[in-house]
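# Chain and residue survey
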Amino acid sequence: MSKGIAYSVVVIVALLGVLMLSVWSYNQLSTGSRYAGTYTERTDEDIANSKLELAKRFLSQDLVYSSQEAALEVASNGGTLQSKTFWYCQADPQPPTKQEFLYALSNMSLDFLNAYIEELKDSEIANLGISASKYDCAGMYSPEGTVCSQKDSTGCEYFRSTASGNGMIQVTDPAVASYAGDLSVSNDNNRIMWIYNRLYDDTKDSKLLRVITSTLRDECTGPQTMQTKLEVAFDKACEHLVSVLDTDVKCSYSVLCESVGNPIACLNFDCKRPEMTQQLCFNSDQASSNQGLGDILQIIGGKTVKAQRGVQATGVVIKFSLTDTKFNIATSKEPKPLLFNVWAAFNIAPENCRPIN
Amino acid sequence: MKGQVFEIFGFLILAIAILAVIVLMRVNVAGSIGKTFLSITDRQYSEGVRAGINALLFTTEEKTGKSLLELIGISSYTGKNKIDFGKKVGEVDVEKELEWRFDAIYGKGHWQINVPYPNISKDIQIVFVIDTSASLCDDIKNLANNLPDMIEKLRKSGRRVSATIYLLSGGAPCCDYTISCDKFPTKSYLHCTNLARAECKSLQTGEGQMQTEEDWGHGLVCAAETGPKEGWQKFSVRVGIPISDELPMGSECNGQNYCCVSNRGAYSAQDDSLQAGIKASIENGMRVFPIKANPCGTICGIYQGGQDTVFTKTQCDCSSLVTDFMNDIADKTNGKMFELSDASDMPRALREIMISAQETRGKTFTLGSPQPALKNIRAVTFLVPLPLPGIYAKAYFYEWA
């Protein structure tokens, strides 16, 4: 009897042991599950953060496209928001100031970027729980220092752009995450800053008109017609522009108006740009001013005499097109080279003839 | 005996208890752990695929410095695998660049990427340049009767279409009306104006000298440069439609009222006008869809104060040359020429132009291996920004073990 009881006590003790072990194991395993649960919950945040990073990168890519498209548009306009930017107006050099140039790039780039953001609202990305609000400012920065004024473009084959202001990227699924900081990208393989800077420096000294006038002087007594003389001068002007830039840039021109003998017929329109009053929305200490150099005769300097023959007073409106074949830029059609147009309107005076010895 | 019964009974209870515990743990705890484990593994795997894609998309291609996402965007939009990035960078084979990277991460034959061409609904801006000589009386009447409704219907269907009609100088008196802008209603999306020097920027700077009511070549220069009433919008489809039955500046040979179709040199002024129109259209990204009215037959107009019917022999004899001129400008500007059998044919021509002018869908960009059957395939969808402001394409990536 006592032996049986002893056995049963052992069994009961063992049973209790098993029960306690079960409870302990269950507890331990439940704790494990809790950790696993926590781990799974944290993954939701990871997903949200990952989506946020993704959205940032998408918007950065949008900013690249926007800046590049803006560069193409502004270059095609000649450096401003106006569709035709006259760098020479009635013989006065008036290159767009750096402030005007950067303002045009900034403004256009911001428009394009916000068009992308607007489109996000109706896209698949909104279904993923990602939203973005519009930015207030697109900053445009050329490489620092004087690299963009050098003859060699190597250090100035890109520009940086930023998006700042009230733009915010938000992810709401599967967890909430947001980013309210700026975007910053580098726009590589684009020489707009270099071309602009080189042309600006060249135009400040009115070198293009000097070339045209001095070529006409050389041709002064030739038997050719005025049109032929002008063609030679414009060819030389193109050669000059290529020498200011480099041989990867191809130059062509189209004469929009040429009125031999009656300059006013071509020049009776206002090509002066009003002074820019808008402020840049980003910090740039690169803005500078330009100043008119007055009459073309003063530019040329030296003593002039009456024409022997052949050079007649002529009004000219011309567009020089500079195509940078070094890089092709992705556009709304096909990748294409940057095309920088320069408009000029000037009067060629009959006095511009070299004295005959 | 009683002790043995207790003993057996005790062991039985112990065995049942152990079995119960095992069953309990198997069902409740181990199952839950297993599920959690599977769920985590599955999620980790999916996230791995997604992370891999994200990492790859933002990998920079060495030659161009561009991300693969950008290259996919350009390639899928232009429909070209090889993209020329200019003299310094050269050509980049996007297919190859993507392939070796995806193969390295997911394994050859274990992935596929599809980027269908996006639905792009661009605005369509149309400028008409219309010959206003008497031979166009019936055609213009038909245009006026059909164009407003046609545009209205398109707009109701969601297409943003607008039209500006430029009437070349002239405005012949027809038998039942005089050609003028009064024939066209003015709406926010439909305008008509006489193409006079004052409205033509190119004429102000001397580029192009519009001569006659038939000078649709120089007229196109003005229309292309000035744009429609609201101005050219960025990224819109720009369409120019000259309507005439004569050569630009007239079909008369050296100013004489006969056609010398075999002597093309006699039409150098007409050719200059055409070339100016082609140049301006190309420069302004305007596709030209000329409509050639039937130049043969009779026309009813007011001549010397009285109604008269005139045979159009000169115009009819030059018909083939007009076709050549119009085909030339259409070919060079990626447009198409339409020839009217008679004035009632105008609505058909307009309808076809509207269809032709709409953005053609590009092909789907596909890369990788075909998806296998009976495999567990993981899919990731992502957006690809295109180099057209505001437009994205949707990309589908598939991966399988």
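Residues numbered from 1 in each chain as written. Chains lettered and ligands numbered in written order. Predicted model: local features only at pLDDT ≥ 70, side-chain atom pairs only at ≥ 80, totals over all residues.

### Side note on the overall build of chain B
Each helix and strand in chain B was counted, giving 10 helices and 15 strands. Computed over its C-alpha atoms, the radius of gyration of chain B comes to 35 Å, more than 25% above the 21 Å expected for a compact globule of 401 residues. Taken along its principal axes, the extent of the C-alpha atoms in chain B is 145 × 50 × 35 Å. For chain B, the residues scored as buried account for 41% of the 401 residues in total. Restricting to contacts in chain B with at least 6 residues of sequence separation, those with at least 24 account for 74%. (Helix = DSSP H or I, 4+ residues; strand = E, 2+ residues; numbered from the N terminus. Rg over C-alpha atoms; globule rule 2.2 N^0.38 Å. Buried ≥ 20, exposed ≤ 12 C-beta atoms within 10 Å, placed from the backbone. Contact = placed C-beta atoms within 7 Å.)

### Observations regarding the pairing of strand S15 (residues 392-400) of chain B
Residues and elements named next belong to chain B. Sheet topology note: the strand S3 (residues 111-115)/S15 ladder contains four bridges and is antiparallel. By the bridge assignment for S15, Ile113 is matched with Phe397. Once strand S14 (residues 377-385) ends, the chain turns through six residues before running back antiparallel as S15, passing Gly390 with a positive phi of about 90°. (Pairing = 2+ DSSP bridges.)

### Overview of the nonpolar core
Ranked by size, the top nonpolar core spans 119 residues in total, and within it Tyr88, Leu105, Leu113, Leu322 and Ala344 of chain A together with Val384 of chain B carry the most contacts. Here this core takes 14 residues from helix H1 (residues 2-77) of chain A, the largest share from any one element. Once residues within four sequence positions are removed from consideration, Leu105 of chain A is found in contact with Ala70, Ala71, Val74 and Met140 of chain A. With 64 residues, the next largest nonpolar core counts Val161, Cys259, Ile278 and Ile299 of chain B among its residues. (Core = buried A, V, L, I, M, F, W, Y, C linked by C-beta atoms within 7 Å.)

### Here's the deal with the packing of helix H2 (residues 68-78) of chain B against helix H3 (residues 94-106) of chain B
Residues and elements named next belong to chain B. Axis separation between H2 and H3 bottoms out at 10 Å; the angle between their running directions is 140°. Here H2 lies oblique to H3, going by the angle between them. Note on packing geometry: the crossing formed by H2 with H3 is left-handed. In contact with Leu68, Leu71, Ile72 and Ser75 of H2, H3 contributes Val94, Glu97 and Leu98. Here the contact of H2 with H3 is composed, by residue class, of five nonpolar, one polar and one charged. (Axes fitted to C-alpha atoms, helices over the stretch in contact; angles between N-to-C directions. Parallel < 35°, antiparallel > 145°, perpendicular 65-115°, else oblique. Left-handed = near helix turned anticlockwise from the far one by under 90°. Nonpolar A, V, L, I, M, F, W, Y, C, P; charged D, E, K, R; others polar.)

### Describing unusual backbone geometry
Cis peptide bonds are those with omega within 30 degrees of zero, and the linkage from Asp173 of chain A to Pro174 of chain A qualifies with 5°. Relative to the helices and strands, Pro174 of chain A resides in the loop between strand S6 (169-171) and strand S7 (177-179). Located in the positive-phi region is Asn334 of chain B, a residue other than glycine, with phi close to 65°. Take Asn334 of chain B: there are 14 C-beta atoms within 10 Å of it, and that puts it in the partly exposed class. One non-glycine residue, Leu374 of chain B, lies in the positive phi region at around 55°. Exposure remark for Leu374 of chain B: the 5 C-beta atoms within 10 Å place this residue in the exposed category.

### With respect to the domain arrangement of chain A
Residue and element names in this part refer to chain A. In terms of domains, chain A is made up of domain 1 (46-67 + 97-190) and domain 2 (196-348). Facing 19 residues of domain 1, the contacting portion of domain 2 comprises 20 residues. At the level of elements, helix H2 (98-120) and strand S4 (137-141) are the ones that each hand at least two residues to the side of domain 1 that touches domain 2. For the side of domain 1 that touches domain 2, the element with the highest residue contribution is H2, accounting for seven residues. Per-class residue counts for the side of domain 1 that touches domain 2 are six nonpolar, 10 polar and three charged. (Domains from an automatic or database assignment.)

### Here we look at the sheet that holds S4 of chain A
In a beta sheet, neighbouring strands are held together by backbone hydrogen bonds and run either parallel or antiparallel to one another. Residue and element names in this part refer to chain A. Here we have three strands laid out as an open sheet, ordered S4-S5-S8, and antiparallel in their pairing. Each edge of the sheet is formed by a strand with only one pairing partner; in this case those strands are S4 and strand S8 (183-188). Averaged over all pairs of adjacent strands, the angle between their axes in this sheet comes to 20°, without regard to strand direction. The pairing of S4 with strand S5 (residues 158-164) spans five bridges and is classified as antiparallel. Looking at the pairing, Tyr141 lines up with Arg160 of S5. Packed onto the sheet, H2 meets S4 and S5 and runs at close to 135° relative to S4.

### Focus: the confidence of the model for chain B
Confidence in the prediction of chain B, expressed as mean pLDDT, is 83, and 91% of residues score 70 or more. A low-confidence stretch, residues 204-208 of chain B (pLDDT under 50), is modelled with 19 contacts involving residues beyond four sequence positions or located in other chains. (pLDDT = per-residue confidence, 0-100.)

### Overview of the interface of chain B and chain A
For an interface, size is often stated in terms of accessible area lost upon the parts coming together. Residue-level contacts link 52 residues of chain B with 58 residues of chain A. Put simply, the parts of the chain that give the side of chain B that touches chain A at least two residues each are helix H1 (2-57), H2, strand S1 (82-84), S14 and S15 of chain B. A per-class count over the side of chain B that touches chain A returns 26 nonpolar, 17 polar and nine charged.

### Section: the sheet that holds strand S3 (residues 130-132) of chain A
All names here are of chain A. The strand order S3-S6-S7 describes an open sheet built from three strands, whose pairing is antiparallel. Either end of the sheet is taken by a strand with one partner, and the two such strands are S3 and S7. Shown here is a sheet whose adjacent strand axes are inclined to one another by a mean of 15°, direction ignored. Looking at chain direction, S6 and S7 are connected through three bridges and run antiparallel. Across the sheet, residue Val171 finds its bridge partner in S7, namely Ala177.

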